[in-house]
Amino acid sequence: MGANLQMDPLDFLNKEDLIRFFHCKKTEMSCMEEPNIFLHQLRDHNLVPEKLYKKVVKMRCKEKRKDGVYQILDWLEKERSDSVYLFWTCVFKDHILQKYPVLRLLRNSLMDGSFRVYENLPDPVGQTERENEPAQIKETTAKEKKKGTKRKKSAEETEEDEQPGPSCPSTPNLKKPAKKLMFSSPKKGDKGDIWTWALFKSHLPVTCGDKEGTLYRDKLARGGKCILSNRRWFTPASFENFAGKGRSKNWKLSIRCQKTPLQKLIKDGHLQSPLRKRRCVKESQQVLLPVSSSESSSPHSESSAEMEHSGEEVLEEQSEEEEEESEEDEAEAEDEAEEGETGPVDPSLFQTPSLPVRCGSVSGVLYKCRFASGSRSKSIRTEECWLTPEEFVKQELTLIDGHWKKDIRCHGKTLNYLLKKKILSVHSLLCICSLCSSNDQAQDQDNDDECFICNTEGDLLCCDECPRAFHNQCHLPAVQDDSLGEKWVCTFCVLKANQSWWQPTQMTEEEALGSSISQYILHCQYLLLCMYKEDIEHVFTGDPTKTISGYSKVIPDPMWLDRVKTKLQNKQYKTLDQFVSDVRLIFRNCHNFNKGNDVFDKLGSRLEEVFEKEFQTIFDIH
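Let me sum up the structure you'll find in this document. (Residues numbered from 1 in each chain as written. Predicted model: local features only at pLDDT ≥ 70, side-chain atom pairs only at ≥ 80, totals over all residues. Heavy atoms only, no water.)

Description of the overall build of the protein chain
A tally of regular secondary structure across the protein chain gives 25 helices and 16 strands. Buried residues in the protein chain amount to 37% of all 622 residues. Of the contacts made within the protein chain by residues no fewer than 6 positions apart, 58% connect residues no fewer than 24 positions apart. By element, 50% of the accessible surface of the protein chain is carried by carbon and sulfur atoms, the whole surface being about 37700 Å². (Helix = DSSP H or I, 4+ residues; strand = E, 2+ residues; numbered from the N terminus. Buried < 20%, exposed > 50% of the residue type's maximum accessible area, 1.4 Å probe, protein only. Contact = heavy atoms within 4.5 Å. Areas by Shrake-Rupley, 256 points an atom, 1.4 Å probe, with all protein chains shown as cover.)

This is the structure we're talking about:
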């Protein structure tokens, strides 16, 4: 009895049909939304070069990402056309089809035969035809000359004439011609824009901080080292670091000519920004980037750079600043669209010193006082650590190309919105506060600025395992400075690290309460710390008989947190039940004394809820 094998419908189509259909549908596929899963699938089947894959998935601008996907598909057609059957097989998997409707439509077209409409496409223009064109043009022109007629060049011929030949040193045509720089001789007493003077046609004096240098225009346009200072050559970024302004990471603003940022000179056309490196699709093509000898006056002028391009490298490299600008534009567009749909948000939500923030499933608290250098300041606290906005975004593993300004949200609004509305502010580049002055301060931002228990500042002891910090006497057990070693870990972290072997099995409440307290001293200290943390107003901390008149007449057996702590430290408890009974006595006294006072009764109920929850958790009571 033979096996019943199920045939794949693609097996009935020949290779030429699949390639032709792929060729016609590249643009359609490149327009799919959120293409990362699609690209993951291609990568898993070795259908995309690793370098191209990494560049495209990092792209944040939607339009550039569409171009990147098209470039990958174009490379696949030209370099791996023998794998087109594998391509259609892997993108027609169920999990891919569920994600992308466009692929479902393409699959249906292949299955029902409607794809055959693409069989009668015109043949592509081949290389042979292109080579014959100049000869035909010359022949036609010669005939016209014999007749004594004159004719104008067509638009196509003009473009052909302007294209550089294999030995032509001119640069390729750009979409927009560069603005022609106009230079003039300075007049007597003129202290105006020196970048327009003929004297500074090839170079300009520049400053960054207290450092001075000479910027050579032609070298800046080519990229690389273009600033001469103290007999050393620097790139703009390295000169910025040399001047001590490297933290800004924006040389166009920090490097100036006559107090005018280079960014303005570039924008106004007085300087040419460094050329972006481009990747070419054609194999073995060489592009020469010339430098006119008449324009270069630097004794250290560099020769033209020759760059070879392979078929795999088909994407244009984006500079950091361009990506930042496109990300900000996207964030602003999203904010404007949201504000138009939902209306303005209540400003009072953003008036607190700290703000709740989320990025996908990751949550934290942003502290305004720490939000100094924006993306590089550790201003967001999670349960585990302090993070910069950039680090916080990376915690959301499902977000591949996230950006902190548009992906971190507070009350539904992006951080870009909060910056635009002045709810958050970034310090000046010249700021010398402790958060901005030096990278050496970064370690100081790893822990809280206030005591975790009493929420006040002062001389704090920082835990080396978590972001918490404590006053020596607020922590349990209290810490003496002379007992500290190179590393100190708080009670919260010690209990968390050792919980598994301290309490390997579940217990009933009766079993736990009957246990000797000697083996659970740390657990009791942890419970007290949780209650001290919750008792923000210190209602249950001190002796109520000293602060509330008539208290002892109503409550015969007063109890408070400090008294429980003292008894624990003096080893007055023998069993865990004695410790728990005293804590629960605090809550009973509160309810009995505040029967007509809902405010204090609710405070007691809240503290009781915290204690019971933590007690059940750390003893794993069922």
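So that's the structure; there's more coming.
As for helix α25 (residues 598-618)
Given a rise of 1.5 Å per residue, 21 residues ought to cover 30 Å, and the 30 Å separating the end C-alpha atoms of α25 matches this to within 8%. Those residues of α25 that fall on the buried side of the exposure criterion are G604, L607, V610, F611, E614, F615 and I618. Projected down its long axis, α25 shows its buried positions confined to an angular sector of 125 degrees, all on one face. Within α25, the exposed residues directed more than 90 degrees away from the buried face are D598, K602, K613 and T617. (Expected span 1.5 Å × (residues − 1). Arc of directions from axis to C-beta.)

Notes on the nonpolar core
Core analysis: the largest hydrophobic core is formed by 49 residues, its most contacted members being L528, F579 and F615. Residue assignment for this core shows that the elements contributing at least two residues are α19 (491-502), α20 (509-513), α21 (521-534), α23 (561-569), α24 (576-593) and α25. Counting residues per element, this core draws most heavily on α21, at nine residues. In contact with F615, other than residues within four places in its own chain, are E509, L513, L527, L576, V580, R584 and I621. (Core = buried A, V, L, I, M, F, W, Y, C linked by side-chain atoms within 4.5 Å.)

Focus: the side chain of D407
Among the secondary structure elements, D407 is positioned in helix α17 (residues 404-407). Within polar-contact distance, the side chain of D407 engages the side chain of K406 at 3.4 Å. Ignoring anything within four residues of it in the chain, the contact list for D407 reads R358, C359, L399 and G402. (Polar contact = N/O pair within 3.5 Å; in protein donor to acceptor, adjacent residues only side chain to side chain.)

Observations regarding the pattern of salt bridges
Here the structure, examined in full by the defined rule, presents 18 salt bridges. The residue K99 makes a salt bridge to E34 at a minimum N-O spacing of 3.0 Å. On the criterion of sequence distance, the pair formed by K99 in helix α7 (residues 94-99) and E34 in the loop between α2 (26-30) and α3 (36-44) is long-range, its members being 65 residues apart. Residue K99 is classed as partly exposed on the basis of its relative accessible area of 32%. For R370, the salt bridge identified is with D449, shortest N-O distance 3.0 Å. One end of the pair, R370, is in the loop between β10 (362-367) and β11 (380-381); the other, D449, is in the loop between α18 (415-420) and β15 (461-462), with 79 residues separating them in the sequence. (Salt bridge = Lys/Arg side-chain N within 4 Å of Asp/Glu carboxyl O.)

Brief notes about helix α4 (residues 50-57)
For α4, the complete set of buried residues consists of L52, Y53, V56 and V57. Take α4 and look down its axis: the buried residues cluster within an arc of 120 degrees, on one side only. Buried-residue contacts for α4 involve α3 and α5 (62-79).

Section: the pairing of strand β9 (residues 354-359)
Both faces of the sheet carry side chains from a regular strand, because those side chains alternate between them. On β9, burial follows the alternation: L355, V357 and C359 on one face are buried, whereas S354, P356 and R358 on the facing-out side are not. Where β9 lies against β10, six bridges are found, and the strand directions are antiparallel. The residue of β10 that forms the bridge with S354 is Y367. In sequence, β9 turns back onto β10 through a hairpin of two residues, with G360 there showing a positive phi of about 65 degrees. (Pairing = 2+ DSSP bridges.)

Some points on unusual backbone geometry
The omega angle of the peptide bond from L476 to P477 is 0 degrees, so this bond is cis rather than trans. Mapped onto the elements of the fold, P477 is located in the loop between β16 (469-470) and α19. We note that N455 has phi near 60 degrees; this positive angle belongs to a residue other than glycine. Its place among the elements puts N455 in the loop between α18 and β15. Despite not being glycine, D620 has its phi angle at roughly 50 degrees, a positive value. Here D620 lies in the segment after α25. Judged by its relative accessible area of 31%, D620 falls in the partly exposed class.

Some thoughts on the packing of α21 against α23
It is at 11 Å that the axes of α21 and α23 come closest, and there the two elements cross at 165 degrees. Considering the angle they form, α21 stands roughly antiparallel to α23. Here α21 and α23 pass one another in a crossing that is left-handed. Across the interface between the two elements, I521, C524, Q525, L528, M531 and Y532 of α21 pack against L561, D562, V564, K565 and L568 of α23. (Axes fitted to C-alpha atoms, helices over the stretch in contact; angles between N-to-C directions. Parallel < 35°, antiparallel > 145°, perpendicular 65-115°, else oblique. Left-handed = near helix turned anticlockwise from the far one by under 90°.)

A few points about the packing of α21 against α25
Running from N to C, α21 and α25 cross one another at 150 degrees; their axes reach a closest spacing of 10 Å. Judged by the angle between their axes, α21 and α25 are roughly antiparallel. Read as a crossing pair, α21 and α25 show a hand that is right-handed. Residue-level inspection shows H523, Y526, L527, C530, M531 and E534 of α21 in contact with α25, the latter providing R606, L607, V610, F611, E614, F615 and I618. When grouped by side-chain class, the residues that make up the contact of α21 with α25 number nine nonpolar, one polar and three charged. (Nonpolar A, V, L, I, M, F, W, Y, C, P; charged D, E, K, R; others polar.)

A look at the packing of aromatic side chains
Scanning the entire structure with this criterion turns up 24 aromatic pairs. On the numbers, 5.5 Å between centres and 45 degrees between planes, the contact of F21 with W88 is tilted. Of the two residues, F21 is situated in helix α1 (residues 15-24) and W88 in helix α6 (residues 84-91); the sequence distance between them amounts to 67 residues. Each member of the pair, F21 as well as W88, is classed as buried. Measuring from ring centre to ring centre gives 5.1 Å for Y520 and F619, while their planes differ by 70 degrees; the resulting arrangement is edge-to-face. Here Y520, found in the loop between α20 and α21, pairs with F619, found in the segment after α25; they are 99 residues apart in sequence, far enough to count as distant. (Phe/Tyr/Trp six-rings, centres within 6.5 Å; stacked < 30°, edge-to-face > 60°.)

Here's the deal with a nonpolar patch on the surface
Taken together, the side chains of V599, F600 and L603 present a nonpolar region at the surface, about 260 Å² in accessible area. Following the sequence through the fold, F600 ends up in helix α25. (Patch = residues over 30% accessible without salt bridge, like charges linked within 9 Å, V, L, I, M, F, W, Y side chains within 5 Å.)

Here's the deal with the environment of P261
The residue P261 is located in strand β6 (residues 260-261) in this model. Taking C-alpha positions, P261 is 9.4 Å from V206, a pair spaced 55 residues apart along the chain. Apart from residues lying up to four places away in sequence, P261 is in contact with K252, L253, I255 and R256.

As for the state of the cysteines
Tallying each qualifying case throughout the model produces zero disulfides. Unpaired in terms of disulfides, C490 finds its nearest cysteine sulfur in C493, a separation of 3.7 Å. (Disulfide = S-S within 2.5 Å.)

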